[in-house]
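Fold and contact review
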Amino acid sequence: MHVLKKDCPMSKYREYKGLDLPVVANEMLERWKRENTFEKSVSSRPENKPFVFYEGPPSANGLPGIHHVMGRAIKDIFCRYKTNKGYRVERKAGWDTHGLPVELGVEKELGITKEDIGKTISVEAYNEACRKAVMKYTDVWNDLTEKMGYWVDMDDPYVTYENKYMESVWWILRRLYDKGLMYKGYTIQPYSPAAGTGLSSHEINQPGSYRMVKDTSATALFKLKEDGQKMLATLTGNNDLTYTMVAWTTTPWTLPSNTALAVNKKVDYVVVESFNQYTGSPMAVVLAKDLVSYQFSGKYETNEDDSAYHEFNLGDKKIPYRIIGTLKGTDLVGYYYEQLLPYVLPMETPEKAFCIIAGDFVTTEDGTGVVHIAPTFGADDAQVAKAAGVPPMLIADAQGNPIPLVDLQGRFVDAMGDELGGMYVKNEYYTENEPDKSVDVLISIKLKEENKAFKIEKYEHSYPHCWRTDKPILYYPLDSWFIKSTAAKDRLIALNKTINWKPESTGTGRFGNWLENLNDWNLSRSRFWGVPIPIWRTEDGTEELCIGSVEELKSAIVASLNAGIMKENPLADFVPGDMSEANYNTFDLHKNYMDNVVLVSPKGKPMHREQDLIDVWFDSGSMPYAQWHYPFENKDKIDDGKAFPADFIAEGVDQTRGWFFTLHAIATMAFDSIAYKSVISNGLVLDKNGQKMSKRLGNAVDPFLMLNKYGADATRWYMITNAQPWDNLRFDESGIVEVQRKFFGTLYNTYSFFALYANVDGFDYSENDVPLSEKPEIDRWVISRLNSLIIDVDAAYADYEPTKAGRLIQNFVTEELSNWYVRLCRRRFWKGDYETDKVAAYQTLYTCLETVSILSAPIAPFYMDQLFRDLNVVADKNTAESVHLAEFPESDSSKIDLDLERRMSLAQRITSMTLGLRKLEKIRVRQPLQKLMIPVIDKDFVRQVTEVSDMILREVNVKEIEFLNETEGILVKEIKADFKKLGPRFGKQMKDVAARINAFGQAEIADLERNGKIEIEMGDASREEIIRDEVLITTKDIPGWLVASEGELTVAMDITISEQLREEGIAREFVNRIQNLRKDSGLDVTDKIAVKIESRASIEQAIKNNLDYICAETLADSLELVSKVNGGNSLEVEVETGIETRIALEKI
RNA sequence: AGUCCUGUAGCUCAGUUGGUUAGAGCACUACACUGAUAAUGUAGGGGUCCGCAGUUCAAAUCUGCGCAGGACUACCA
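What counts, and at which threshold
- Residues numbered from 1 in each chain as written.
- Chains lettered and ligands numbered in written order.
- Predicted model: local features only at pLDDT ≥ 70, side-chain atom pairs only at ≥ 80, totals over all residues.
- Heavy atoms only, no water.
- pLDDT = per-residue confidence, 0-100.
- Contact = heavy atoms within 4.5 Å.
- Pairing = 2+ DSSP bridges.
- Helix = DSSP H or I, 4+ residues; strand = E, 2+ residues; numbered from the N terminus.
- Axes fitted to C-alpha atoms, helices over the stretch in contact; angles between N-to-C directions.
- Near = heavy atom within 4 Å.
- Polar contact = N/O pair within 3.5 Å; in protein donor to acceptor, adjacent residues only side chain to side chain.
- Nonpolar A, V, L, I, M, F, W, Y, C, P; charged D, E, K, R; others polar.
- Salt bridge = Lys/Arg side-chain N within 4 Å of Asp/Glu carboxyl O.
- Buried < 20%, exposed > 50% of the residue type's maximum accessible area, 1.4 Å probe, protein only.
- Arc of directions from axis to C-beta.
- Core = buried A, V, L, I, M, F, W, Y, C linked by side-chain atoms within 4.5 Å.

Here's the deal with the confidence of the model for chain A
Residues with a pLDDT of 70 or more make up 97% of chain A, whose mean pLDDT is 86. Overall, residues 1-9 carries pLDDT values under 50, and its contacts beyond four positions in sequence, including any with other chains, amount to 21 contacts. Here the predicted complex carries an ipTM of 0.89, next to a pTM of 0.84.

Concerning the sheet that holds strand S18 (residues 500-502)
With parallel pairing, 3 strands are arranged side by side in an open sheet as S18-S27-S26. Edge positions in the sheet fall to S18 and strand S26 (646-652), since each of these pairs with one other strand and no more. Pairs of neighbouring strands in the sheet enclose a mean axial angle of 15°, with direction left out of account. Relative to strand S27 (residues 676-682), S18 runs parallel, the two sharing 3 bridges. Within S27, the residue paired with asparagine 500 across the bridge is serine 678.

Notes on the protein's contact with RNA strand B
Inspection of the region around RNA strand B gives 55 residues, with Trp248, Arg926, Phe979, Arg1078 and Val1085 positioned closest. Taking all atoms of RNA strand B within 4 Å of the protein, the share assigned to sugar and phosphate is 60%. A distance of 2.7 Å separates a phosphate oxygen of RNA strand B from a polar side-chain atom of arginine 730. Within the side chain of arginine 826, a nitrogen or oxygen atom sits 3.2 Å from a phosphate oxygen of RNA strand B. When residues of the surface near RNA strand B are traced back to their parent elements, those giving at least two are strand S6 (243-249), helix H17 (504-516), helix H26 (733-761), helix H28 (802-830), helix H31 (898-921), helix H34 (979-986) and helix H37 (1059-1080). Per-element accounting of the surface near RNA strand B gives the leading share, 7 residues, to H28. Taken together, the residues of the surface near RNA strand B break down into 15 nonpolar, 18 polar and 22 charged.

Some details on the side chain of asparagine 872
Among the structural elements, asparagine 872 can be located in helix H30 (residues 861-875). Engagement of the side chain of asparagine 872 in a polar contact is seen with the backbone nitrogen of lysine 877, the distance being 3.1 Å. Those residues in contact with asparagine 872, other than ones at most four positions away along the chain, are Tyr846, Glu850, Lys877 and Asn878.

Section: the pattern of salt bridges
Counted according to the given criterion, the structure contains 70 salt bridges. In this structure, aspartate 837 engages arginine 828 in a salt bridge whose closest nitrogen and oxygen atoms are separated by 3.1 Å. Residue classification places aspartate 837 among the partly exposed residues on the basis of a relative accessible area of 37%. One salt bridge connects aspartate 978 with lysine 981, and the closest N-O pair in it is separated by 3.7 Å. Taken together, the shared-partner salt bridges in this structure form one network comprising Glu777, Arg780, Asp899, Arg902, Arg903, Arg943 and Glu947.

Concerning helix H16 (residues 489-496)
Here H16 has its buried residues at Leu492, Ile493, Leu495 and Asn496. Take H16 and look down its axis: the buried residues cluster within an arc of 170°, on one side only. Buried residues along H16 sit in contact with S18, H17 and helix H24 (659-671).

What to know about the environment of glutamate 434
Relative to the assigned elements, glutamate 434 resides in the loop between helix H14 (417-420) and helix H15 (439-449). Judged by relative accessible area, glutamate 434 falls into the partly exposed class, the value being 48%. Between the C-alpha atom of glutamate 434 and that of tyrosine 424, which follows or precedes it by 10 residues, the distance is 9.2 Å. One polar contact links glutamate 434 to asparagine 427, side chain to side chain, over a distance of 3.4 Å.

Looking at H15
All of the buried residues along H15 are Val439, Asp440, Ile443, Ser444, Lys446 and Leu447. For H15, the arc enclosing every buried residue in end-on projection is 160°, short of the 170-degree limit, so these residues lie on one face. Taken from the residues just after H15, asparagine 451 is the one with a positive phi, measuring 65°.

Notes on the nonpolar core
Counting 138 residues, the largest nonpolar core has Tyr13, Phe731, Phe744, Phe754, Tyr797 and Tyr821 as the members making the most contacts within it. Element by element, the count of residues in this core is highest for H26, at 12 residues. Excluding residues that lie within four positions of it along the chain, phenylalanine 744 makes contacts with Leu19, Leu21, Asp713, Ala714, Trp717, Val739, Ala860, Tyr863 and Met864. Counting residues in hydrophobic clusters, the runner-up holds 72 residues, among them Ile499, Leu515, Leu599 and Ala646.

Re the pairing of strand S30 (residues 929-935)
Across the 7 residues that make up S30, a large majority, 6, are buried. Of the strand pairs in this sheet, S30 and strand S31 (residues 958-964) are connected by 6 bridges, and their pairing is parallel. Pairing of methionine 933 across the sheet is with glutamate 962, part of S31. Here S30 pairs with strand S37 (residues 1049-1053) via 2 bridges, running antiparallel.

Details of unusual backbone geometry
Going from lysine 502 to proline 503, the amide bond is cis rather than trans, its omega being -5°. As for its placement among the helices and strands, proline 503 is situated in the loop between S18 and H17. Cis geometry is found at the peptide bond from tyrosine 630 to proline 631, where omega equals -5°. Examined against the element boundaries, proline 631 turns out to sit in the loop between helix H22 (623-626) and helix H23 (635-639). Backbone geometry places asparagine 451, a non-glycine residue, at a positive phi of 65°. For histidine 629, which is not a glycine, the phi torsion comes out positive at approximately 60°. Among the structural elements, histidine 629 can be located in the loop between H22 and H23.

Pasting the structure below:
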């Protein structure tokens, strides 16, 4: 009987024909727009409770990929979660607009190269093209942002090319400058003398840059100074030899710039006695042991005979050699040698040059294991020399400025003398009058003549070439502006230790190690589209000015105008102090304008801006301040900590040395603060085979396709729950399908089930809550689990573990709520009147669904909002308009009953085991059985199982449970050692002890259980006492019964089917058949029927004895046994093997 | 080359301070259930826990050395 509670029509829970997540997303998107939900989710939270989040700016000149959905889902989840927790979470979007990819994109589009800039296209037009190109895909990005449900304020983003942003960047640079943290120096960079420009690593890595070339390579002999001679003479016991180091180079032109030799401390070196193949002079060379046979090949022949060395003459077919001493690399470090080619001396600390130093990069794979170091022409060389305090080969030019031995055109400087001065170091650089002998050859000949060459030969290797001129590049020292991050190293490390890294290893490992090995930050980039370095210098470099604001620049320009240096003022219309957009649109801080600004020095000289732009990473690292135009506006946001540092940021792990570093470095150096408290570095999204996605391989996944096909919710849920954010995700579409079916399908089904019956009964949650104590066991159980879930999910979110949160929710929904609670409670919803028990069931299920919707909303924002609204539209329990405006549920610890959760777990296990037994014996569940027997495990066991016995019996269709006490002596038991307890006690004897315990018979087990202890005899005849607690005793068998065991739990089943049980079974079969027929006939769940069954002797008794039961179950007003059933609505049924009959029903 | 991550069933992933039968979902096979039905349950098959060595009474788990995949950084005489 279903009694409608109310007569008046009420609003119904929305019922759906099916689950279509993309449609849900579209509908919800419309609602959010209409209701300004995002805006409200910020404004409804108090300003004094901020959760600060920074959006890492993407570059809008490329299209978004599926990995952006991943990264942004992570950001979104925690912002939404914190909103639910009552925080105000402002999320300002941002665009990274400067940098090389933009320039290259524009050049490709316009069909120009860098050389055209300033020639066929003005810098101004070029920059204008960049400004447009960079926002090319803004619409696509905005579309993705919206469709994937990422809430970020796209209406008022920060844009790195805007004047206000750039002004803040300048202000920070000025602050670092004032702190003495900026200096001009040089680094070794790829440089193309033919093109007269430095090359970025990006350009070097273009396909075709590296080519195989044949160069003259020289293996040269470096004569040790006196200390070294003595040391080796002592080692070998030979005072007559001249000891030399031997080192190899493919670029002999760098030998005049040699200032050090590097050895590996750990490598074994040997001293070899032999003769020079070109001059025949005796020699004793030091090289790596592993490379002796490689170097002494060809004419050389190992020979231990002294006479071979006395009798050797130049021109002999074979040259003898032998090892006369062995030592470690570390023994060589610190000795000095004579300069190989003494053209000039380094201007700085020449006494420290020509020294043997240690370098970890030195290997014994080729060469000699001794590496020639020319700090002016090799990046590694410069670094290792600097670390060792060895000066680079820089000499003073006419003005006294340091210069290398090769000029910017690639020619030796005049100081190299008549012979080499003015020559190009590579013959490829000559456009005419190319000499026969290249510099490499000339130097090699010189070495041979001077007895300094061990070997000269052609060597083929791969070498980078300039993609514009096709000529080989040089590694060349170029002027750059640096930030002295090494000065802040200790502080950077200390502050990093206060950051919460997810995962921790990225913070301590990759990032921590990076900080430990920090280099100064090279700020300079020879580009066009970016933030200009705001430093103006006089030509001689003696006077210098760093500008930190537009206002400052304007007054400097005015001074320059007054001095007559500049003719007009590009900032004429700028009004200092006016922060309006209009005012800030009256000028442009980009290079094309700033290069025209010539200031005047205090001494009245003109000052030109330093040519370079700054590294774009500095742009994005400045965003905490620049996004607010700090300190010119919003000073309080930074100074009062309202928007700094961030509570949370998240980006890909590839940003570790990018954005994560620049944020940290700038915050530390400029503000002595961290920039973020917690950071997630997420992994990559790979294809399903673990390959990196790329357009080239065609395995890139189109994010829009996924969103349109499965909706954002399923896509996000899949990505978040499948792998931890910091592990790489193997993206597999079938995984989304699974999530859709398994999680969303189940949740949808659960809601549909609720809605169907709640609508029938008119449940709208207007009744007072049924007190917990009056709710049935299963309600209290699921409520207890729900409250435990709240605690766990809250903790997981708070700890930035979204995967854990999602998996917990999913498990609750599919296993506990749907598969256990709903499955066991189905009858309560459709059976009986609208009374307390039914109300309790509705209230319980409602509460679970609503709570799940809030817990899951951060991950699946669309569907969960629909669920939340569908529930509340009728019940109006939660006054929030949207799930995203709701408060995160509070767990009520008084509702958590761990004993109850244990009881239910027992019930589930007993049920599962019993069903297993039925299956084993092929007894269908509809056939009632009489009895289950369960051995008692401990003192609480009987009570616990008794409290859930109704549930078990109903589920497995058995009539009673009998508990078996061990005293009855019918149980066959099994005993095992508890290794965890006995292991520490017995150590090595453990194996022996375990074997002895395993060997116990039933009598010994019983003895142990009775007395709580037992003695065993050890191998050495000593006796040890084992107590009850140190072993695990389980019931293995109950003779005569059908038994299942799982851990310590055992269940036995009585499988005798009495006549009465058999009849009940048949009755249940009929109920089932009638229900099927009802359903197939399209009857409503509330319709009443009249039933006719064609009589058979085999079933008559069963039906008569269970008539009331059958009628009640099927809502039948009458049930007749008739001799013949025919007519339309009848069905042939087989109730039991061999028993066939016909049934018919009609609606009354 | 350096730093870091990952490696467990056919696939995607759990696996606690080391403790003796290594788990789940998907897929597969069989059986059952049927007023949630584009669902559900039960059972089954399926494992060199990447390899080797070590520590330990005991290793998927700790240590070392490798292998494979990936990321970042640096690119060499």
